[in-house]
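A look at the structure
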Amino acid sequence: ESFLNRSYTFENFIEGDCNRLARAASFAVAEKPSVTSFNPLMIYGGVGLGKTHLVQAIGNYIKMNFEGKFVLYVSSEKFTSQFINAIRNNSLQDFMAFYMQVDVLILDDVQFLSGKEKTQETFFHIFNHLHQSGKQIVMTSDRPPRDLEGMEDRLLSRFKWGLTADLQSPDLETRIAIIHKKTQDEGIDIDFEVIEYLAHSIDSNVRELEGVMISLIAQASLTQRTIDLELAKRTLNHIVTESEKEVSIDGIVSVVTEHYSVRIADLKSKSRLRSIVIPRQVAMYLAKELTNLSLKSIGYHFGGRDHSTVIHAIQTVNDLMDTNKEMEKEVNSLMKQFKKK
Ligand code: ADP
Ligand code: MG
């Protein structure tokens, strides 16, 4: 058994600027395991960016195309607990022998080995044996090797023998492509306007985007098989309130429009009236403070402004708060309305 999820394939992995190098390196390793100089291959990046998917795609590809190769996927957590059990049961030799017969070892989330000296030492021996025998090693980590603390230097120096490639947060085009593919695969209708809205509302990681899409597709499947703007907004507000850590753009817009007695259309308009510019800038400031959205996404929600306009708005509100006690009080009290909820 390889412990691979069959749906984690290269076909299902959407390529974009955020993952191009990591994907290309992974594919090269999958086509020629242990032949390329990418040994070990180390893929790193934050949560939900596709590390597990990508390294399992390597495993699935090799299993499919190289009959008889022993591919093994294991999380570092599982590796550690197997090791601890082996010590307890006096079966360390069996444990080592098992791992040394693997042709392609995929070890996920190696940062988990931090501070676990004995486990690292054992992995170091397995690593050397496999590498010397011309076997492929693939690893993932949530940070670059140089930032891994509590890791033995001799192990870290091994990681540098091969290739290290990172996964970045998904860029706009990639998010759009993912939403497009997920809906198309399920035969769900969605207008481009709605895809754009979603892509600008969830821009942190792919897992979160995927979660929202699963929920939207499930709801659309029950009804007219369409994801319209209304459904998208309702679902996002719901998910955001549930997670409680983040505030929705809609929530900010409604608090600001009510407080300043302006209309939603005003916030998105090109109006340069001070009575509208200030609320608009305050809304962008609150979006920056209270959500995880990028400057680009915030600009999108306020009439398609570019990120330099958003930076300017945030700067202006900061300056006003520094010089004007009333303004400081006002913005802080708006901010408090969200903290309560
Ligand atoms: P990580 O291991 O980095 O935390 P995962 O590999 O578990 O992230 O990815 C989270 C989810 O997002 C998975 O369901 C995965 O299939 C999906 N995913 C990530 N990146 C992509 C991508 N480029 N194309 C399609 N799906 C992706
Ligand atoms: Mg993972």
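Residues numbered from 1 in each chain as written. Chains lettered and ligands numbered in written order. Predicted model: local features only at pLDDT ≥ 70, side-chain atom pairs only at ≥ 80, totals over all residues. Heavy atoms only, no water.

1. Regarding the pattern of salt bridges
Stated formally: For salt bridges, the criterion is a side-chain nitrogen of Lys or Arg within 4 Å of an Asp or Glu carboxyl oxygen. Buried, partly exposed and exposed residues are distinguished by accessible area as a fraction of the type maximum, computed with a 1.4 Å probe on protein chains only: under 20%, between the cut-offs, and over 50%, respectively. Helix numbering and strand numbering both begin at the N terminus, where a helix is a DSSP run of H or I of at least 4 residues and a strand a DSSP run of E of at least 2.
Under the counting rule described, the total for this entry stands at eleven salt bridges. As a salt-bridge pair, R143 and D142 come within 2.7 Å of each other at their nearest N and O atoms. Accessibility expressed as a relative area gives 33% for R143, which makes it partly exposed. The closest approach of N and O atoms between R234 and E230, which form a salt bridge, is 3.6 Å. Within this pair, R234 and its partner E230 are both found in helix α10 (residues 229-243), separated by four residues, close to a single helical turn. On the basis of relative accessible area, R234 is assigned to the partly exposed category, the value being 47%. Note on E230: relative accessible area 52%, which makes it exposed. Linked by salt bridges that have partners in common, E15, D17, R20 and R23 make up one network.

2. Considering the packing of aromatic side chains
Stated precisely, the cut-off is as follows: Pairing of aromatic rings covers Phe, Tyr and Trp, the last through its six-membered ring, and needs centres within 6.5 Å; plane angles under 30 degrees mean stacked, over 60 mean edge-to-face, and all others mean tilted. For a Lys NZ or an Arg CZ to count as sitting over a ring, it must be within 6 Å of the ring centre and within 35 degrees of the ring normal.
If you walk through the whole model with that rule in mind, you get twelve aromatic pairs. Seen in terms of ring centroids, F27 and Y61 are 5.3 Å apart; in terms of plane orientation they differ by 70°. Their pairing is edge-to-face. Here F27 is found in helix α1 (residues 20-31), whereas its partner Y61 is found in helix α2 (residues 51-65), with 34 residues between them in sequence. The partly exposed category is assigned to F27, whose relative accessible area is 24%. Aromatic side chains F123 and F127 sit 6.0 Å apart centroid to centroid with 80° between the ring planes, which places their arrangement in the edge-to-face category. Placement of the pair is F123 and F127 together in helix α5 (residues 117-132), with a separation of four residues, close to one helical turn. Taken individually, F123 and F127 each receive the classification buried, so the pair is uniform in this respect. It is K78 that lies over the ring of F3; its NZ or CZ is 3.6 Å from the centre.

3. A word on unusual backbone geometry
With an omega dihedral of 5°, the bond running from N39 to P40 counts as a cis peptide bond. Position of P40 among the secondary structure elements: in the loop between α1 and β1 (41-44). Here the phi dihedral of D109 falls at roughly 60°; this positive angle occurs in a residue that is not glycine. Here D109 shows up in the loop between β3 (104-108) and α5.

4. Let's talk about the site of ligand 1
Applicable threshold: For this description, a residue counts as near a given molecule or strand if any of its non-hydrogen atoms is within 4 Å of it. Two N or O atoms count as a polar contact when they lie within 3.5 Å, although within protein this holds only if one can serve as hydrogen donor and the other as acceptor, and sequence-adjacent residues are included solely when both atoms are side-chain atoms. The Shrake-Rupley method, run with a 1.4 Å probe sphere, supplies the accessible areas, and residue values consider only the shown protein chains as cover. Each residue is assigned to one class: nonpolar for Ala, Val, Leu, Ile, Met, Phe, Trp, Tyr, Cys and Pro, charged for Asp, Glu, Lys and Arg, and polar for all the others, Gly among them. Segmentation of the chain into domains, including their bounds, is taken from an automatic or database domain assignment.
The full set close to ligand 1 counts 16 residues, and I14, G48, H53, R207 and E210 are the nearest of them. Within the backbone of G48, one N or O atom sits 2.7 Å away from an oxygen atom of ligand 1. Between ligand 1 and the protein, one listed contact pairs an oxygen atom with a backbone N or O atom of G50 at 3.1 Å. Alone, ligand 1 offers 560 Å² of accessible surface; in the complex the protein occludes 92% of this. Elements with a contribution of two residues or more to the shell around ligand 1: α2 and α9 (206-222). In terms of residue class, the shell around ligand 1 is built from six nonpolar, seven polar and three charged. Residue contributions to the shell around ligand 1 reach at least three from each of two domains, namely domain 1 (20-166) and domain 2 (172-243).

5. Observations concerning the nonpolar core
A general feature of soluble globular proteins is that nonpolar side chains tend to end up buried together. In plain terms, the rule: In this text, buried Ala, Val, Leu, Ile, Met, Phe, Trp, Tyr and Cys residues form a nonpolar core when linked through side-chain atoms within 4.5 Å. Contacts are assigned to residue pairs with any non-hydrogen atoms lying within 4.5 Å of each other.
The biggest cluster of nonpolar side chains holds 32 residues, and the ones touching the most others in it are I252, V282, Y285, L286 and F302. Tallying contributions element by element places helix α13 (residues 274-290) first for this core, with nine residues. Once residues lying within four places of it in the same chain are set aside, the contact partners of I252 are V247, A283, L286, A287, L290, T291 and F338. Core analysis: the next-biggest nonpolar cluster, separate from the first, contains 26 residues, F79, F95, L155 and F159 among them.

6. Looking at the domain arrangement of the protein
When the domains of the protein are assigned, the result is domain 1 (20-166), domain 2 (172-243) and domain 3 (249-340). Distance between the C-alpha centres of domain 1 and domain 2: 34 Å.

7. As for the sheet that holds β1
The line we're drawing: Only strands that DSSP links by at least two bridges are regarded as paired with each other. To define axes, lines are fitted to C-alpha atoms, for helices over the stretch in contact only, and angles between the resulting N-to-C directions are given on a 0 to 180 degree scale.
Read across the sheet, five strands follow the order β2-β3-β4-β1-β5 without closing on themselves; strand pairing throughout is parallel. For this open sheet the edge positions go to β2 (71-75) and β5 (163-166), each flanked by a neighbour on one side alone. Shown here is a sheet whose adjacent strand axes are inclined to one another by a mean of 15°, direction ignored. The pairing of β1 with strand β4 (residues 136-141) spans four bridges and is parallel. In the strand pairing of β4, Y44 is matched with S141.

8. A short note on the environment of A25
Tracing the sequence through the fold places A25 in helix α1. Filtering out sequence-adjacent residues up to four positions away, A25 remains in contact with F38, L41 and L163.

9. Let's talk about the pairing of β3
Quick reminder of the rule: With the strands pointing away from the viewer, any crossover whose connection runs clockwise from the first strand over the helix to the second is right-handed.
Most of β3 is tucked away: five of the five residues are buried. Side chains V104, I106 and D108 of β3 all project onto a buried face; the interleaved residues L105 and L107 project onto the opposite face, where all are buried too. Examined bridge by bridge, β2 and β3 share five bridges and lie parallel to one another. Paired with Y73 across the two strands is I106, which belongs to β3. As defined by bridge partners, β3 adjoins β4 across four bridges and the pair is classed as parallel. In the strand pairing of β4, L105 is matched with I137. Remark: the β3/α5/β4 crossover connection has right-handed handedness.

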